[in-house]
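The chain contents come next:
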Amino acid sequence: MKYRFSRKQLAIPYALFLLVFVAAPLVVIVYYALTGSDGTPTADNFIRFFSDPNTLGTLLYSLILALVTTCVCLLIAYPVAYALAFSRLKASSVLVMLFIMPMWINFTLRLTALKEILTLIEGNLAFHPFLNSVIGMTYDFLPFMILPIYNQLERLDKSLLEAAKDLGAGDAQSFIKVTLPLSMPGVVSGIAMVFLPAMTNYVVLDMLYNSTYIMGSLIGSYFAAYDWHGGSMISLILLALICIFTLLTKSDEGQKTRGGSLV
Amino acid sequence: MLLTGSVLLSSCGREEEDNDAIVLRVCNWEEYMDLGDWDEEETIDLESGDILGVNPLYEDFEEWYYENYGVKVKVEYSCFGTNEELYNMLTLGDEFDLVCPSEYMIMKLMTEDWLVPYSDGFHDEEAENNYYVRNVSPFIKEKFDGHEINGESWSEYAAGYMWGVTGMLYNPDEVDEEQVNSWDCLRDPAFYRRITIKDNVRDAYFPAVAAIKRDKLTDAAFTSGDDYAQQLEAEMNDTSEETVEAALEFLQDTKDVAYSFETDSGKADMVTGKVVANLQWSGDAVYAMDQAEEDDMYLAYSVPEECTNLWFDGWVMLKRGINGDPGKQAAAEAFVNFMSRPDNAVRNMYYIGYTSTIAGGTDGDEVYEYVEWTYGAEDDEEDISEYDLGWFFGDEEAVLEAPTEQLSRQLFAQYPPEEVMDRSSIMQYFDTEANARINRMWINVRCYNIRKMPVWGWCIIAVILLGAAGGFALSRRKKNYEL
């Protein structure tokens, strides 16, 4: 039989990768999460998570940390993205480059530098663990917020703004009625790209000496204590949270999000 | 279990070349054996002769074994990062002949019947190449003979390699020795955000227990009791629910005071002055003090008065690797003996910075000479003290003339005085139930307990939730309207 090449086959490497590194481990996680240490099916791990004030507290702490980080990122990123998208500078693409460039450097290296800077400013890094974590996360995630918003704003049909002006809208009004609603897909995708990783990015906390656990480090600590079942359950719960969050943002924006993600 | 695994194997493994040779698979801690390649100037010129590491010690062993026994051995040398990682590697099916875990992991491996006992020939002091039994420090030997698992002493299964204690590394410019002579200093508000503790459940639990039981442990009636050593060990290995509960409280206080729970950054933070005191293993303390001295900073080391955690790493042979092969077992035992030859012990000590279990004496005085070479007072030194090392070297004349300042520095950390060793205790391997209890406690130390949330915190959350729900509903309604 003659071998025929079809376009579908191009996806085979990716499908294999997905199978081995995403699907298979997921099956293992689900198996461990739903069994006890003797291998019998049980819901104990689930009940344990939701009845322990420490794990619930960690969930809450992660949520708050992620929420604050997202808000700070949004507050900084939106004006920047706006300025970049509407600047008359020919060199605006260079400016965008400047914001992406930090991402080329490994972020643990950047955090090492940040640690020294914060020590210089605060005198002692350990005085403000929560604040430091927010700064570290913002430092890390800011480009992920700027880029989707910038992309969305740049694509915005400028004639709509002119029309708004023709119809008598002031600057503020046209921003609120036209620019802001049309940039929402970018904002939502930016939020998704910051909020979710911020809940688990424990390396930032470790490196900036915040010794409180967030979801990522909690899972790690369960595994370190050989509690594969409890740790897997937390991973599963986190996965469920991510799914809910994604569904919420997706249903809201529907088809309008067109490639609102990175670059 | 699939997630952690044999990560570090490739980093320091070595290709096998020879087919007919005995292959000896050795797995050791990272950076835990002299790998040679010293500069000419690094030569240690002792009275017994010069010592210089040219090749890795395990390669020297191959040569030495062939010369002495006429049998070719190929050492496959690989490394592990933590005891738990080694154990995971073993349970996942990695095969080694000779490994070097810490005392509590040796206890676990003994309990679970992983190990091959050393042969009678190994314990024979007359045999020419039996360097270990002849040269191991009497102090270490006593500890290994005195501890049993299932009625068998450690000595039958393990040969000591390196040892040390835990204590406090501190900056004497900022801290008085009295401030760190109790483990309670770890939660002392005077050190607010200027003290670090290890991010590791065993290293954190030990000082917590010592601090909780401080009154009892420092009571004269307790310390002068006949079976003080046994009593102390029993107290320090207490894993009852009340003690774990109290340790949780202690460590939560520590978390509120400490600069960080560190795995490796503590030494650097001491040298840069970010912190002024640091719970530290003696070997790493020596390293940190050496580093600081390069910047003209002089750190000191002390051991709190309640107790100190005495630890060992030791060579054990694995059943699954040796697999009843006498040639292989002979090579493994010879490997341990070769490492224990005093000149090789010195090479390792110089390279690693930790303290060898080997005292020497019968087959050469290199170890003691090396200590003298490193710490002994120069002729023009003014402030000199006598420092008794007899307890370790088993020789009453082993009294060193050292600069007085060394009595709280590297010399102290490397060979603590006898009175410190009297209050040292080994930390056992805990059974599954106790282990689970302590691990849970350790996780809870680090978690934010939701019950601690103040009322205003709940109010803010309620407002945020209401706001989010409201905003969501509003955006929905608007969309319907648009349609």
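Residues numbered from 1 in each chain as written. Chains lettered and ligands numbered in written order. Predicted model: local features only at pLDDT ≥ 70, side-chain atom pairs only at ≥ 80, totals over all residues.

Our next topic: the overall build of chain A. A count of helices and strands for chain A gives 11 helices and 0 strands. Moving toward the C terminus, one meets the helices and strands of chain A in the order α-α-α-α-α-α-α-α-α-α-α. For chain A, the C-alpha atoms occupy an extent of roughly 75 × 70 × 35 Å along the three principal directions. Across the 263 residues of chain A, 34% fall into the buried class. Long-range pairs, those at least 24 residues apart, make up 76% of the contacts in chain A between residues at least 6 apart in sequence. (Helix = DSSP H or I, 4+ residues; strand = E, 2+ residues; numbered from the N terminus. Buried ≥ 20, exposed ≤ 12 C-beta atoms within 10 Å, placed from the backbone. Contact = placed C-beta atoms within 7 Å.)

Another aspect to go through is the overall build of chain B. Across its full length, chain B holds 22 helices and 19 strands. For a compact globule of 483 residues, the expected C-alpha radius of gyration is about 23 Å, and chain B comes in at 26 Å, within 12% of that figure. Principal-axis analysis of the C-alpha atoms gives chain B an extent of 95 × 60 × 50 Å. Each of the 483 residues in chain B was classed as buried or not, and the buried ones make up 44%. A sequence separation of at least 24 residues applies to 76% of the contacts in chain B between residues at least 6 apart. (Rg over C-alpha atoms; globule rule 2.2 N^0.38 Å.)

Attention now moves to the sheet that holds strand β14 (residues 300-302) of chain B. All names here are of chain B. Pairing in this open sheet of 5 strands is mixed, and the strands run β12-β11-β13-β10-β14 from one edge to the other. Since the sheet does not close on itself, it has two edges, and those belong to β12 (260-262) and β14, each with one partner. The sheet shows a mean angle of 35° between the axes of neighbouring strands, direction not considered. Pairing geometry for strand β10 (residues 166-170) and β14, over 3 bridges, is antiparallel. Its bridge partner lying in β14, Tyr170 is registered against Ala300. In this fold helix α7 (residues 201-212) packs onto β10, β11 (195-198) and β13 (277-281), with an angle of close to 115° to the strand it touches most, β11. With respect to the sheet, helix α13 (residues 282-294) is in contact with β10, β13 and β14, its orientation differing from that of β13 by roughly 125°. (Pairing = 2+ DSSP bridges. Axes fitted to C-alpha atoms, helices over the stretch in contact; angles between N-to-C directions.)

A word on the interface of chain A and chain B. Interface size is commonly expressed as the accessible surface area that is lost when the partners come together. If you look at the interface, chain A gives 23 residues, while chain B gives 20 residues. For the side of chain A that touches chain B, the secondary structure elements donating two or more residues are α3 (53-86), α10 (215-224) and α11 (228-253) of chain A. Counted by class, the side of chain A that touches chain B contains 13 nonpolar, 9 polar and 1 charged residues. (Nonpolar A, V, L, I, M, F, W, Y, C, P; charged D, E, K, R; others polar.)

This paragraph deals with the packing of helix α5 (residues 107-122) of chain A against helix α6 (residues 129-155) of chain A. Residue and element names in this part refer to chain A. Axis separation between α5 and α6 bottoms out at 11 Å; the angle between their running directions is 140°. Taken together, the axes of α5 and α6 lie oblique to each other. At the point where α5 passes α6, the crossing takes the right-handed sense. Residues Phe107, Arg110, Leu111, Leu114 and Leu118 of α5 form the contact with α6, whose participating residues are Asn132, Ile135, Gly136, Tyr139 and Asp140. Among the residues making up the contact of α5 with α6, the classes are represented as 6 nonpolar, 2 polar and 2 charged. (Parallel < 35°, antiparallel > 145°, perpendicular 65-115°, else oblique. Left-handed = near helix turned anticlockwise from the far one by under 90°.)

Moving on, we get to α7 of chain B. All names here are of chain B. The end-to-end C-alpha distance of α7, which contains 12 residues, comes to 16 Å, matching closely the 16 Å that a straight helix rising 1.5 Å per residue would cover. Counting buried positions over the 12 residues of α7 gives 9, a clear majority of the element. Along α7, the positions that sit buried rather than exposed are Ala204, Tyr205, Phe206, Pro207, Ala208, Val209, Ala210, Ala211 and Ile212. (Expected span 1.5 Å × (residues − 1).)

Here we take up the confidence of the model for chain A. Low pLDDT means the predicted coordinates in that region are not meant to be read closely. When pLDDT is averaged along chain A, the result is 87, and 94% of the positions lie at 70 or above. Low pLDDT (under 50) marks residues 254-263 of chain A, which in the prediction has 14 contacts with non-local residues, meaning those over four places away or in another chain. (pLDDT = per-residue confidence, 0-100.)

It is worth spelling out the environment of Gln280 of chain B at this point. All names here are of chain B. The residue Gln280 is located in strand β13 in this model. Residue classification places Gln280 among the buried positions, given that 29 C-beta atoms sit within 10 Å. Counting along the chain gives 151 residues from Gln280 to Asp431, while the straight-line C-alpha distance between them is 26 Å. Each residue touching Gln280, except ones within four places of it in the same chain, is listed here: Gly167, Leu169, Gly266, Ala285 and Ala288.

Here we take up unusual backbone geometry. All names here are of chain B. Look at Glu31: it is not a glycine, yet its phi comes out positive at around 55°. Residue position: Glu31 is located in the loop between β1 (22-29) and β2 (44-46). The phi dihedral of Asp296 falls on the positive side, at around 60°, and the residue is not glycine. Looking at the secondary structure, you find Asp296 in the loop between α13 and β14.

Our focus in this paragraph is the environment of Thr112 of chain A. Residue and element names in this part refer to chain A. Mapped onto the elements of the fold, Thr112 is located in helix α5. In this structure Thr112 comes out as exposed when scored by C-beta crowding, with 11 C-beta atoms within 10 Å. In the structure, Thr112 is positioned 81 residues away from Tyr31 in sequence and 38 Å away in space, judged by C-alpha atoms.

Here we come to the confidence of the model for chain B. The predicted model of chain B averages 90 in pLDDT, with 95% of residues at 70 or higher. What the predictor reports for the complex is a pTM of 0.85 with an ipTM of 0.83.

Moving on: the nonpolar core. With 190 residues, the main nonpolar core has Ala277 and Phe335 of chain B as its most contacted residues. The element contributing the most residues to this core is α6 of chain A, with 12 residues. Formed jointly, this core draws a minimum of three residues from each of two domains, domain 1 (9-163 + 312-364) and domain 2 (166-302 + 417-445) of chain B. In contact with Ala277 of chain B, not counting residues within four places along its chain, are Met168, Tyr170, Val175, Val180, Cys185, Phe191, Arg194 and Ile195 of chain B. (Core = buried A, V, L, I, M, F, W, Y, C linked by C-beta atoms within 7 Å. Domains from an automatic or database assignment.)

Residues and elements named next belong to chain B. Looking at chain B, the domain boundaries give domain 1 (9-163 + 312-364), domain 2 (166-302 + 417-445) and domain 3 (457-482). Each of domain 1 and domain 2 has a C-alpha centre, and the two are 29 Å apart. Residue-level contacts link 8 residues of domain 1 with 7 residues of domain 2. The element contributing the most residues to the side of domain 1 that touches domain 2 is helix α4 (residues 103-111), with 4 residues.

Taken residue by residue, helix α16 (residues 342-352) of chain B has Pro342, Asn344, Ala345, Val346, Arg347, Asn348 and Met349 of chain B as its buried positions. The first or second residue beyond α16 of chain B is Gly353 of chain B, which carries a positive phi of 90°.

Right, let's get into the packing of α7 of chain B against helix α21 (residues 432-446) of chain B. Residues and elements named next belong to chain B. In contact at an axis separation of 11 Å, α7 and α21 are set at 90° when each is read in the N-to-C sense. By the angle between their axes, α7 is roughly perpendicular relative to α21. On α21, the residues touching Val201, Ala204 and Tyr205 of α7 are Ile438, Asn439 and Trp442.

Turning next to the environment of Ser356 of chain B. Residues and elements named next belong to chain B. Looking at the secondary structure, you find Ser356 in strand β16 (residues 355-356). Residue classification places Ser356 among the buried positions, given that 27 C-beta atoms sit within 10 Å. Ser356 sits 10 residues away from Val346 along the chain, and the two C-alpha atoms are 7.9 Å apart.

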